[in-house]
Every structure is written in C-alpha cells, then in structure tokens.
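# Overview (structure and organization)
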Amino acid sequence: MEDATSAAADDPDDADLMRRAAHGDRDAFAALYRRHQARVYRFARLMTGSSTAAEDIVQEVFLVVMRDAARYDPARAALTSYLYGVARHQTRRRRARDRQFVAFDGRRPDSSEPVADDDASATLERRQTLQQLRRAILSLPRRYREVVVLCDLQGVSYSDAATAMGCAIGTVRSRLHRARHLLTQKMGRTAPSHEDHPGLTERCA
Amino acid sequence: MKSMQFENTDLADALNVLRQDEAHIEAPPHVEAAVLAAWDRAHARRREERPRSMWRESAAVAAAIIIALGLGQLGRELQRTTRAAVTPAAESRTLLLVGEPILQGEPVRVVRMRVPASTLTGLGVRSATGDAAAHVDVDVIVGEDGIARAIRVGM
C-alpha cells in the first residue's frame, strides 16, 4: 500500500499544488516536496544501493518538478507515477554516469531502531536476511529490480507502475513474476545454513 | 554458506520485512534545504531577469516601429522617384504575372529593362515586330522583397 502520507481530504491535492508551484508558489512546492520526498528517496535508494546517490536523485527529481511543473498534466498520470517515472530516468542517468553503484553504505538507522524482539539471534537473522535481500535486489537486471521496488516494496499498483515504467500492465505482471522467481533463486543460493550460526541452530533445536 | 530451500512464501515474508524496514526512511533534511535553495535561486534570477527582459522587449518594439516607419517612408520615396523617373511604356498591352500577386498597398519598384524579343517569346508573348533578334523595352515590377512580381511589355 502507498504511504499514509498521501493527501488528507482537506489538503490541497497534488494537481493543485503543481499548478501553484508552476505559478511560483514556494509553499506549494515545499508541500509537494514534503509529501513525496520519502517515496522518491526510498525508490532511488533501493534502486542504487546508495544513500548518497539517492539524495542526488531526489534533488534532481524535484529540480525537474520545479522546471516542468507547468507541463504536468494530471489527466495523464498521477503525480506519484510521474515522480517515479522521473526518478527512474534520473536513476538510469546516474547509473550511466557512475557505471557502477557502490554497495549499501551502512547509513541505515538500524542501530537506533527499537528492537521488538529480545532474542538477539532473531534480530541477527532478520538483519542478515534483509542484507541478503537488498543484495539480491541490487543484483537483479534493472527492469526486474524496478518492478520489485515499485510493486513489492513501495506498494505501487500495477497500473501506476506501468505508467511510471511506460509499459503495459501485463508486462509489469510478467516482470514481477520473473523477478520474484530470480529473487527466490538468489536467496536460496545465499541463505545462511544453521551450521554457520550456532545460535540459530540452538534456537531451532 | 550452504544452499538451503528458500520458498516463495519466505520471499514474500522477507520482502514484507524489508518494506517495513524501509517505511520510515526519508531523505535527510539537508536535501530539502538544497532543493528549496535551488528554488529560491531560480526564482530570484527570474525576478531579476523579468524587468530586464521587459525593458529589452520594449526597446525591441520601439526599434521595430521606428524601422517600419523608416522603411515605409523610404518605400514611398522610392515609388515617387521611380514613378517620376520611369514613364510607363507608351502602349502597355501585356502584363505577365511571374510571381506572387502584388498585394494591395504593397510598395513596388518598376525597373525598365531592354530584353531580346526571343526572351518574350519564351514567356509566351509574341513580339509585335516578329523579329526575334530585335530588342524590346519591358517594365519589371519588383516587390519590396526584391522578387519580380510582373512584367509589363510595351509593344
């Protein structure tokens, strides 16, 4: 599902904010940024594996919004689809420029995150699984990575993902199916055995 | 690491955990500051450029009006001079339209030329003398773009 940050009923809708931003309303632009920056950032971060690259991409995306707000047509696509489309394009450009992404840079706030489970081994297992999954996602071909990030991790509907990716809904479905299959294979190959982690063995025993 | 069975349900669970893990992540505050600073810079530049460009546009319009008035005056002078200098062929019988039609009020110039009669024959006009080697006077009517509009043949 989409974030709960979507506009409340009494908030101006995205189209209205875009119109106002196109006319130079700074507050409208700032509201748009605050409403959508997180999903753009998360998409870019999951696509690139780099927080630094994701920050740059967020800036680029909103610079495009600033420049082209007047050209946005709400009848053609929801703003989220439009933003994902721009972010996707910027991610590709970034990739072409950098040629190679760096691995996740450890700026995750995991350490400050409250741990609900007191079981340290469970926490360790969870972290390892997440790390493996991130690596597996990053190792997917771009077209499969995009669809997993959009549909499975960002909760974007197939229809909106198709709009953002400029393809048919059927293509989204087939790519997602293939992507999940590839991920299952990759995770199966890299999943740690219990012998490697005695703590886990003990817990399972 | 050893291989172990990883099922679709495991993947769905792992994706769900990752989704929850990512849910609270946002761009750092300095990104917002940078984006809004870029907005301020761009709009400050536009505000500066607007009066300058308005001044430029006004100057361009004024210059265009002056040039148009000057050209109009020059055209009228030329027409007057041409009319005075070139008397039309005594007996104008044929007017050949060779280009775009002359617009009403379009300033034109009339250029008197002497051409071989054979040239007129090529244009489908038979010389009154019937002598292809003879020369005849024609008035070429030239538009303000320098392109001939018509040829008046005085026989």
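Definitions and limits used
Residues numbered from 1 in each chain as written. Chains lettered and ligands numbered in written order. Predicted model: local features only at pLDDT ≥ 70, side-chain atom pairs only at ≥ 80, totals over all residues. Heavy atoms only, no water. Helix = DSSP H or I, 4+ residues; strand = E, 2+ residues; numbered from the N terminus. Buried < 20%, exposed > 50% of the residue type's maximum accessible area, 1.4 Å probe, protein only. Contact = heavy atoms within 4.5 Å. Areas by Shrake-Rupley, 256 points an atom, 1.4 Å probe, with all protein chains shown as cover. pLDDT = per-residue confidence, 0-100. Buried area = accessible area lost by both parts, 1.4 Å probe. Salt bridge = Lys/Arg side-chain N within 4 Å of Asp/Glu carboxyl O. Patch = residues over 30% accessible without salt bridge, like charges linked within 9 Å, V, L, I, M, F, W, Y side chains within 5 Å.

### Some points on the overall build of chain A
A count of helical and extended segments in chain A gives nine helices and zero strands. Here chain A holds 205 residues, and 48% of them are scored as buried. Intrachain contacts of chain A at a sequence separation of at least 6 include 67% that bridge at least 24 residues. Carbon and sulfur atoms provide 49% of the accessible area of chain A, an area that totals close to 10300 Å².

### Section: the confidence of the model for chain B
Residues and elements named next belong to chain B. With 77% of its residues at a pLDDT of 70 or more, chain B has an overall mean of 76. Ranking the elements of chain B by mean pLDDT puts strand β1 (residues 92-97) last, at 68, and helix α1 (residues 8-22) first, at 88. Quick note on the complex model: pTM equals 0.60, ipTM equals 0.74.

### Details of the interface of chain B and chain A
With 32 residues of chain B at the interface, the matching set in chain A holds 48 residues. Roughly 3700 Å² of surface becomes buried between chain B and chain A when both sides are summed, with 64% attributable to carbon and sulfur atoms. Applying the counting rule to chain B against chain A returns six salt bridges. In this structure, E22(B) and R134(A) form a salt bridge, with 2.9 Å as the shortest nitrogen-oxygen distance. Elements represented by at least two residues in the side of chain B that touches chain A include exactly α1 and α2 (29-85) of chain B.

### Some remarks on a nonpolar patch on the surface
Together, V61(B), I65(B) and L69(B) give the surface a local cluster of nonpolar side chains, amounting to about 300 Å² of exposed area. Mapped onto the secondary structure, L69(B) falls in helix α2.

### Details of helix α6 (residues 142-153) of chain A
All names here are of chain A. By the criterion of burial, α6 is predominantly enclosed, with 10 of the 12 residues buried. Taken residue by residue, α6 has Y144, R145, E146, V147, V148, V149, L150, C151, D152 and L153 as its buried positions. Looking at the residues trailing α6, positive phi occurs at G155, about 70°.

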